[in-house]
Amino acid sequence: MVEHLFIISIILYLVGALFALCLFKWQMVGNYVSFIFAAIASCLGIATAAMVLFNSSTIRLDFQLFLPVIKYNFLLDPLSSYFILAISVISFVASVYSIGYTRLYVNKRDVRFLGFTYNLFLMAMILVVSANNAFVFMIVWELMTLVSFFLVIFEHENPATRKAGLVYIVMAHIGSGLLAIAFFILLAYAGSFSFDSFRDVASQIPAVYKNIVFFLIIFGFGIKAGIFPLHLWLPMAHPAAPSNISMIMSGVMIKTAIYGFIRFYFEFLTPCPPWWGVIILIIGATSAILGILYALMERDIKTLLAYSSVENVGIILIGIGMSMIFKSYNQMALSSLAMIAGLYHLFNHAVFKCLLFGCAGNIYYSTHTKNIEELGGLIKRMQITAPLFLIGALSISAIPPLNGFISEWFIFQSLLNGFNIPSVIIKIITIICGAVVALTGALVATCFIKAFGISFLAIPRTKHAEKAKEVPVIMFISMGLLAALCVFMGLFPAKIMMIINHVNTQILGMNILKAVTSYDWLQMKIVRTNFTELSPKSATVFGLILLGITLGALFLMRPKFIRKFYETWTCGIAPEPRLEYTATAFTKPFKVVFSNLYKPRLEVNTTYSVPNFFVKSIAYVGEITPIFEKYLYNPVSNFVLRISDKARLIHAGNIHLYLAYIFITLLILIMFFR
Amino acid sequence: MSLTSNIILPILQLIVIVGLSPLVKGFINKIEARFQCRRGPSLFQPYYNLIKLLRKDAVVSETASWIFRATPYVTFVSILVIALLVPVLSSCVPLNFTGDVILIIYLFALGRFFLALSSLDTASAFGGMGGSREMMISSMAEPAMMLSVFTVSLTVGTTNLGNITSAFLNSSTLLLNPSLFLAFAALCIVIIAETGRIPIDNPFTHLELTMVHEGMVLEFSGRYLALIEWASGMKLLILLTILVNTFLPWGVASGLTFTGLIISFALYVVKIGFFAFLIAILESSFAKLRLFRIPNLLGTAFILSILAIISLYVVG
């Protein structure tokens, strides 16, 4: 039953893709059909995942197609189903959203291949998390990278987009190459590409090779996940893609790398030494803080969201890293707790980041700009998008009672539990990570106050923003679903933990659901750890009661309360957009405080009509130095370019010379492999 | 715990926090006035102000949206919820299960989030300036706050404020831990920063370029202003309550007896009064710091709290 559902959903993705191709003459129809197929397929994906998770079952699918040697193995276990669930939920929302969003391109550009690549992309992600064979995994991983590359360069007439695509494809392939090496090392011990054999030989691989594989995986999957300093492509590619694609890329594609981390570190490379977990933890904390510090300085709303994805991947990795540390000290209950923190945050991030990218898409749809300095006052013009963005912003800033808070709370709880670790150094590292998470949380709030406040509040700064109109209804329906999920996952954490618990039971062999949930005297289900308890539901109920009392008391104080509306006092002149605080100004204090990191550059060019007396114009340029690009990537890429320049000498363009090369190579090969 | 105590205690806590918070402000103002050789306004002046404001209509900026009008309620109610989560007179907090100190910190963030948004909402430059600075200060304060709270939590083994207080009440030798002194010092600095007192922020100034919190709430009037002022008063009182009932829990009732609560209340007033007096001394003897010196001070708090944790792990 479940396997049929799974296969049907894959087939539907393929059919949708083919429809898009067949109907290429009627571009929009083709796209709509393919999006509808994708939406149905993702519903089936949700059903598949739910069935596997609730039965805690494991389902194997083996095919033998085309080539006799290679088996196509797929495995649906709770871990992969959890990811299928996340991917399918986001795919469904994004597909419905796309039906509205693609109207942006009507009569503007060729969208023939959008539906085709889109469906293949969704299908590839589902297959990545369900592949049970290194060979199949690499194929679908590559497929995912390639189709997402085509989606990134969708607006290819823009040179910045082409550059983003190039950086993405190059970095993604470096990652794939490292993964391939890791798989070959495992193959040498397992004797087959099947993940099952990798699991069997997990304990027999010598420590040295394990460590090598560990680092290969960090880099290989780390590039896809966008951890610092391998994040370079992420803030370039995600904003370049159309918003419906960014939703999926930021929401779930980067999570497939997290899936890879979990598969490897908890199944193929067990038992892992504690320092592995510490490295993951430190990488997570660094990505979190640096990601949000760069997001803070961004003025392009989609780049801001992309940097914030780097931050959130960091938070997820903190959870995973803690889980690994606890596991290596054999504290399985704590390991499960940290895993809950990581996986909860993973789902949360998928939901609110998709919501925020959707809202960014709405803004772009109606104003044609992504620069928040050109926006303002949208709350009165886009009355439904604004509250949706606000819910997303509150969730991502971990404000209770929304979902972000729950996972942040679990992260803090698992970091606090670091005192159970025997090593003093690791204890101290966990606590410093706690401080980093706290700082990150505060910076996220600032960043999203800026994003929401500057783009939605006050007076429009440009004509674009002034003329903004609300987007088609279909785009809200899907995002309303996400906003509802944000609230639901914030109020009923025990429900989500029940799902994650199935994953824990599978990969850690530990069922801690009884230990982390209980009932209070109001008979409400609450979550708890060895430190404390939390009941967002009753906190909300009390908040609402108190709100009611406050409103009642205020009414009694002055029953005929009225509000008078006047213009804001701006020292005697009429309020105008120029007087508003800008995004740059809002984050200026942070630029000063963290100037060591940002290395801000300031340039003021004054031109005079009469020298030194009458100023004609002042040009002001203030930027931050992208230190990773400048000190890490540029030297490396320059080095590679120099080497390839040298290597060009042997490309003389003479066919006889090339034949000679082939002949020499052949001779050498014959000599060595007689 | 019986149902009556479950109902009486929260109400009592709300009454104490809501009722006493203007008095704390009035007390600080009075003491500062005395230091400046003025007679100063009455102790109860903040109450008169609140009542006056609550009876007035409000003037709202044309550019402002519903965010601006919702902010006072969100801020006020979030602080009220926090008031239910903090042990005030008795160490058994009836709503213990609802959340812990992490929830409290993030509920403060909820109020701040909306205040900062509404500071941008009116299109006035002063608002944005205030909001931006407030976020900078609170972001810098957050790690130190979290770590000092963690130090206490790790000493006791819980992040629940009620349980922390009762654990310290049960064995007061726990309080002699040297790391707690460091955490206490760090938390003091953080509280000064979070409540916007001198030397971080001057609550009395209305000079454009020096306003932080005041700049943020500049556009509010009438009922809205009353709610925000009251909320900020309660925030001060709640943070002081957390400080005294965590580090100096002596006299806090552990049950719910009438005499116990009376003694607890008397001692509570004395302790809060003492700290309010200290704030008054501090405010009278220091000038406001330059904005970009504040991170240094908060950095000190952060280092203190890191040392607290390290000493806890290494020594304890």
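Below, the structure is looked at part by part. Just so it is clear, the structure is predicted and the values come from calculations on it, not from any experiment. (Residues numbered from 1 in each chain as written. Chains lettered and ligands numbered in written order. Predicted model: local features only at pLDDT ≥ 70, side-chain atom pairs only at ≥ 80, totals over all residues.)

**Digging into the overall build of chain A**
Heads up, the rule is: Secondary structure elements follow DSSP: runs of H or I no shorter than four residues count as helices, runs of E no shorter than two count as strands, and numbering proceeds from the N terminus. Note that the radius of gyration is over C-alpha atoms, with the globule rule given as 2.2 Å times the number of residues to the power 0.38. Buried, partly exposed and exposed are defined by the number of other C-beta atoms within 10 Å of a residue's own C-beta, namely 20 or more, between the two limits, and 12 or fewer respectively, with C-beta atoms placed from the backbone.
Along its length, chain A carries 27 helices and eight strands. Expected size for 674 residues packed as a compact globule is a radius of gyration near 26 Å; at 27 Å, chain A falls within 12% of this value. With the C-alpha coordinates of chain A rotated into their principal frame, the extents come out at 95 × 75 × 60 Å. Looking at chain A as a whole, 55% of its 674 residues qualify as buried.

**Some thoughts on the overall build of chain B**
Keep this limit in mind: The contact criterion used here is simple: two residues whose C-beta atoms, placed from the backbone, lie within 7 Å are in contact.
Looking only at helices and strands, one finds 11 helices and one strand in chain B. The C-alpha radius of gyration of chain B comes to 19 Å, within 12% of the 20 Å expected for a compact globule of 316 residues. With the principal axes as the frame, chain B shows a C-alpha extent of 55 × 45 × 45 Å. Sequence separation of 24 or more characterises 80% of the internal contacts of chain B that already satisfy a separation of 6 or more.

**Some points on the interface of chain B and chain A**
Accessible area lost during the coming together of the parts is what is often quoted as the interface size. The following threshold applies: Under the scheme applied here, ten amino acids are nonpolar (Ala, Val, Leu, Ile, Met, Phe, Trp, Tyr, Cys and Pro), four are charged (Asp, Glu, Lys and Arg), and all others, including Gly, are polar. A pair of strands is considered paired only if DSSP assigns at least 2 bridges between the two.
The interface is formed by 63 residues belonging to chain B together with 68 residues belonging to chain A. Partitioning the side of chain B that touches chain A into residue classes produces 39 nonpolar, 15 polar and nine charged. Examined bridge by bridge, strand β6 (residues 563–566) of chain A and strand β1 (residues 58–61) of chain B share four bridges and lie parallel to one another. If you follow A:R563 over to β1(B), its bridge partner there is B:A58.

**Here we look at helix α4 (residues 101–121) of chain B**
Put simply, the rule is: Each residue after the first adds 1.5 Å to the expected span of a helix.
For α4(B), spanning 21 residues, the distance from its first C-alpha to its last is 30 Å, which sits close to the expected 30 Å at 1.5 Å a residue. Where α4(B) ends, the next residue or the one after it, B:A123, has phi of about 65°, a positive value.

**Digging into the sheet that holds strand β4 (residues 525–528) of chain A**
Residues and elements named next belong to chain A. Filter applied, for reference: Angles run from 0 to 180 degrees between N-to-C directions of axes, and those axes are lines fitted to C-alpha atoms, restricted for helices to the stretch in contact.
Pairing is antiparallel in the open sheet, where three strands are placed in the order β3-β4-β5. Of all strands in the sheet, those with a lone pairing partner are β3 (517–519) and β5 (533–534), marking the two edges. Bridge count between β4 and β5: two bridges; the pairing is antiparallel. Paired with R528 across the bridge in β5 is E533. Strands β3 and β4 of the sheet are contacted by helix α20 (residues 493–507), whose axis makes an angle of about 60° with β4.

**Quick look at the environment of A:K427**
Within the element layout of this structure, A:K427 appears in helix α17 (residues 424–456). For A:K427, a count of 20 C-beta atoms within 10 Å translates into the label buried. In this structure, the C-alpha to C-alpha distance between A:K427 and A:L216, residues 211 residues apart in sequence, is 27 Å. The contacts of A:K427, once residues within four sequence positions are left out, are A:G418, A:F419, A:I421 and B:Y313.

**Observations concerning the packing of helix α5 (residues 125–156) of chain B against helix α7 (residues 178–194) of chain B**
All names here are of chain B. Basically, it comes down to this: Throughout, the term roughly parallel applies to angles under 35 degrees, roughly antiparallel to angles over 145, roughly perpendicular to angles from 65 to 115, and oblique to all others. Helix crossings are classified by the rotation of the near helix relative to the far one: an anticlockwise turn of less than a right angle makes the crossing left-handed, while a clockwise turn makes it right-handed.
Taken N-terminus to C-terminus, the directions of α5 and α7 make an angle of 150°; their axes are 9 Å apart at the nearest point. As summarised for this structure, α5 and α7 are arranged roughly antiparallel, according to the angle between their axes. Of the two possible hands of crossing, α5 and α7 adopt the one that is left-handed. Between α5, through I137, S138, A141, A144, M145, S148, T151, V152 and T155, and α7, the contact on the second element is made entirely by S179, L180, A183, A186, L187, V190, A193 and E194. When its residues are assigned to classes, the contact of α5 with α7 shows 11 nonpolar, five polar and one charged.

**Observations regarding unusual backbone geometry**
Residue A:P400 is joined to A:P401 through a cis peptide bond whose omega torsion reads 5°. Topologically, A:P401 is positioned in the loop between α15 (385–396) and α16 (403–416). Going from B:I198 to B:P199, the amide bond is cis rather than trans, its omega being 10°. Note that B:P199 resides in the loop between α7 and α8 (213–216). For A:N330, which is not glycine, the phi dihedral falls at a positive 65°. Mapped onto the secondary structure, A:N330 falls in the loop between α12 (301–328) and α13 (332–367).

**What to know about the environment of A:F193**
All names here are of chain A. Secondary-structure assignment places F193 in the loop between α6 (159–190) and α7 (195–200). Placed 61 residues apart in sequence, F193 and N132 show a C-alpha to C-alpha distance of 8.8 Å. Dropping the residues within four chain positions of it, F193 is found in contact with N133, A134, F135 and L187.

**Remarks on helix α1 (residues 2–22) of chain A**
Residues and elements named next belong to chain A. A rise of 1.5 Å per residue sets the reference length of α1, with its 21 residues, at 30 Å; its end C-alpha atoms lie 30 Å apart and thus fit the reference within 8%. If you check which residues of α1 are buried, you get F6, S9, I10, L12, Y13, G16, A17, F19 and A20. Those residues of α1 that are buried lie in contact with α2 (27–55), β2 (72–76) and α4 (112–130).

**Here we look at the environment of B:F275**
Residues and elements named next belong to chain B. Of note, F275 is situated in helix α10 (residues 258–285). Note on F275: 20 C-beta atoms within 10 Å, which makes it buried. In sequence terms F275 and T241 are 34 residues apart; their C-alpha atoms lie 9.8 Å from each other. Those residues in contact with F275 that sit more than four places away from it in its chain are L240, L243 and V244.

**Looking at the packing of α2(A) against helix α3 (residues 78–101) of chain A**
All names here are of chain A. Orientation of α2 relative to α3, taken along the N-to-C sense of each, is 155°, at an axis distance of 8 Å. Between α2 and α3, the angle falls in the class roughly antiparallel. Crossing of α2 over α3 shows left-handed handedness. Per-class residue counts for the contact of α2 with α3 are 19 nonpolar, eight polar and no charged.

**Observations regarding the nonpolar core**
Residues and elements named next belong to chain A. Applied cut-off: Core membership is restricted to buried Ala, Val, Leu, Ile, Met, Phe, Trp, Tyr and Cys residues, and these are joined into a nonpolar core through C-beta atoms within 7 Å.
A86, I90, M125 and L355 are the most contacted members of the largest nonpolar core, which totals 356 residues. Ranked by residue count, the leading element in this core is α13, at 21 residues. Leave out the neighbours within four places in its chain, and I90 touches M247, I248, G251, V252, A350 and C354.

**Here's the deal with the pairing of strand β7 (residues 601–610) of chain A**
All names here are of chain A. Among the 10 residues in β7, zero count as buried, and that is only a small part of the element. For β7 and strand β8 (residues 614–623), the ladder comprises nine bridges, and the chain directions are antiparallel. When the sheet's bridge partners are listed, T607 is paired in β8 with S617. Between β7 and β8, which follow one another and run antiparallel, lie three residues, and N612 among them has a positive phi close to 65°.

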